[in-house]
Amino acid sequence: MNSNKLRITAVLVAGLLAGCASKIDEQQHQSQLQEFVAQTQTASQLVGQDELNWWQQLDSSQLNNLVANARANNHDLRTSQLKLKSALARLGGQKAQYLPQGGVGIEATRSSLGELNTRQSAANANFDWQLDLFGKVTALVNASNAGAMSQAEQVRALHIEVVASVVKGFVSYQGNKQKQHIIELQIEALKQSIGVLRAQVEEGIANELDLNRTLAQLKRQQALLPDIEYAQFRDLATLAMLSGQLPSDITLIDERSVLERGFTVSLAKPSDAIALRPDISQALFEFSQAHSLSVAASKALLPDISLSAFAGVLSLDNNRLSDTQQQWQVAPQIKWSLLSYPALLAQRDAQQYLSEAAYSQYQHVVLNAMSESELSLQLLVKQSQQQDYAKQRFDFANSAFLQAQAMYQEGQIPYLELLDARQDVLIAQENAIDSTISSLLAKVDTYQVFNGRWSYVLVN
């Protein structure tokens, strides 16, 4: 990991040196990062089919509708999209600074003093054009553009969060449905055993110990039902919130078969899936914005050169702008805030520190993305192995229970051994379902981490 860190630091420092110009080249940074990630061969074992619309592998129209509704109605996403529109509007306003500023005025007055009546009318136009000879306006436009792009990446990140959360909530709900079904079957089986045992106790064939142990198992299973029901409501509440609804407004059909459907993790280009992540792009644009503001602060030390113009007509005897007198004026101006130099120098230094801080944050986000990708792969392997072991455990426990049941009917073992075998198979069955759910969620997590490519297509 240390060698990787040194290599990625070298890539980022090279990008920083290239960024000493008046504007950060974001595309160059992204290309360098993509090349570096490709060299690390992260997730090369997952190369395969394209991951676009990966959740459709679960073949659930119900899930597809949930994802579409959440993307259309999520309030956080709506808020972020409106902020993006605001940022684009501010960008348009900043670009307008390239053009002359000013206004047009028309005025007509009539006054009376004793028997003397006077009328006067005037029309004038004022223009002020700041010449961007030193690039201050350009730097501010670049900063505004980077800010808008950063907000666009925030929108993309929210799309990822919404989609992944909906899939997780749906899988969790169906998993809890399956767990409830299994518990109910277990309760029904225990009740049947209790009925048989009570009859045997009355006949003196069985003892109170066997009955009480079975009753204890029954209460243990019944105690799990409230938790499962609450978990299902929690999943519904999560899905409702993601789609801007109340829990009472959303209804899910039982689709437990989704847990057994084929769902694999496959990435067309793992390097792009990491390098194009929105959190990395957002950090890059924030660095670009801070750098441009630093450039603008440096340009503030130079003089401002502008061109002011005035043109107007004046009529002294009527309100109709006839018999007018014309006047105009053009005035080049140079303003240099020499007395404000200490304050301007302090502002420049402060903005340069912010630029360095934004670059440090960008570097941290890149390293964090690489770390997250490795962790997600390790979790994927771990959950897959645990799922296999859990299934094998259930198969063995179930076989042992069937053998114990046959031996008990033949009188070879006491009832308590049969009860212990039942307990083992119940625990193994619950563990198998939990492992299946965890494995599915780990796959969703992997797609959520390797989100660079599918999120671009989703948003665009």
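The model shown is predicted, which means the values in this text are computed figures rather than measured ones.

> I would appreciate a short explanation of the environment of S172 in the present structure.
For S172, the location among the structural elements is in helix 5 (residues 136–203). Measuring from C-alpha to C-alpha, the distance between S172 and S292 comes to 46 Å, with 120 residues separating the pair along the chain.

> Help me understand the environment of L293 in this model?
Mapped onto the elements of the fold, L293 is located in helix 8 (residues 278–299). Sequence separation between L293 and P226 is 67 residues; the distance between their C-alpha atoms is 57 Å. Not counting chain neighbours up to four residues away, the residues in contact with L293 comprise L140, A143 and Q351.

> In this structure, what is going on with the nonpolar core? I would like to understand it.
Counting residues in each nonpolar core, the largest one holds 58 residues, and the members touching the most others are W54, W55, V166 and V167. When neighbours within four sequence positions are excluded, V167 is seen to be in contact with W54, W55, L58, L63, V67 and V444.

> Would you mind showing me how to read the packing of aromatic side chains here?
Describing an aromatic ring pair means giving the distance of the ring centres and the angle of the ring planes. Under the counting rule described, the total for this entry stands at eight aromatic pairs. For the pair W54 and W55, a centre-to-centre distance of 5.6 Å together with 90° between the ring planes defines the contact as edge-to-face. You'll find W54 and W55 in the same group, each marked buried. Judged by centre distance (6.3 Å) and plane angle (70°), the ring pair of W55 and W454 falls under edge-to-face. On the criterion of sequence distance, the pair formed by W55 in the loop between helix 2 (26–40) and helix 3 (61–73) and W454 in helix 11 (residues 452–459) is long-range, its members being 399 residues apart. No difference in accessibility class separates W55 from W454, as the two residues are buried. An aromatic cluster of at least three residues, connected via ring pairs, comprises W54, W55, F263, Y447 and W454. For R156, the ring lying beneath its charged end belongs to Y456, and the centroid distance is 3.8 Å.

> Looking at this model, I keep getting lost on the confidence of the model for the chain. Mind explaining?
Confidence along the chain averages 86 in pLDDT terms, with 92% of residues attaining 70 or more. By mean pLDDT, the top-scoring element of the chain is helix 3 (95), and the lowest-scoring one is helix 1 (residues 2–18) (48). Contacts of residues 13–20 to residues separated by more than four positions or lying in other chains number ten contacts, the stretch itself having pLDDT below 50.

> I'm lost on the side chain of Q200 in this one. Help?
Within the fold, Q200 resides in helix 5. Here Q200 is in contact with I205, A206 and Y408, once residues within four sequence places are set aside.

> It is not clear to me how the packing of helix 5 against helix 10 (residues 415–449) should be interpreted in this structure. Could you clarify?
Each pair of packed helices gets described by two things: the angle between the helix axes and the distance between those axes. Here helix 5 crosses helix 10 at 170°, and the two axes come no closer than 9 Å. Classed by the angle they form, the pair helix 5 and helix 10 counts as roughly antiparallel.

Criteria and thresholds
Residues numbered from 1 in each chain as written. Predicted model: local features only at pLDDT ≥ 70, side-chain atom pairs only at ≥ 80, totals over all residues. Heavy atoms only, no water. Helix = DSSP H or I, 4+ residues; strand = E, 2+ residues; numbered from the N terminus. Contact = heavy atoms within 4.5 Å. Core = buried A, V, L, I, M, F, W, Y, C linked by side-chain atoms within 4.5 Å. Buried < 20%, exposed > 50% of the residue type's maximum accessible area, 1.4 Å probe, protein only. Phe/Tyr/Trp six-rings, centres within 6.5 Å; stacked < 30°, edge-to-face > 60°. Lys NZ or Arg CZ within 6 Å of the ring centre and 35° of its normal. pLDDT = per-residue confidence, 0-100. Axes fitted to C-alpha atoms, helices over the stretch in contact; angles between N-to-C directions. Parallel < 35°, antiparallel > 145°, perpendicular 65-115°, else oblique.

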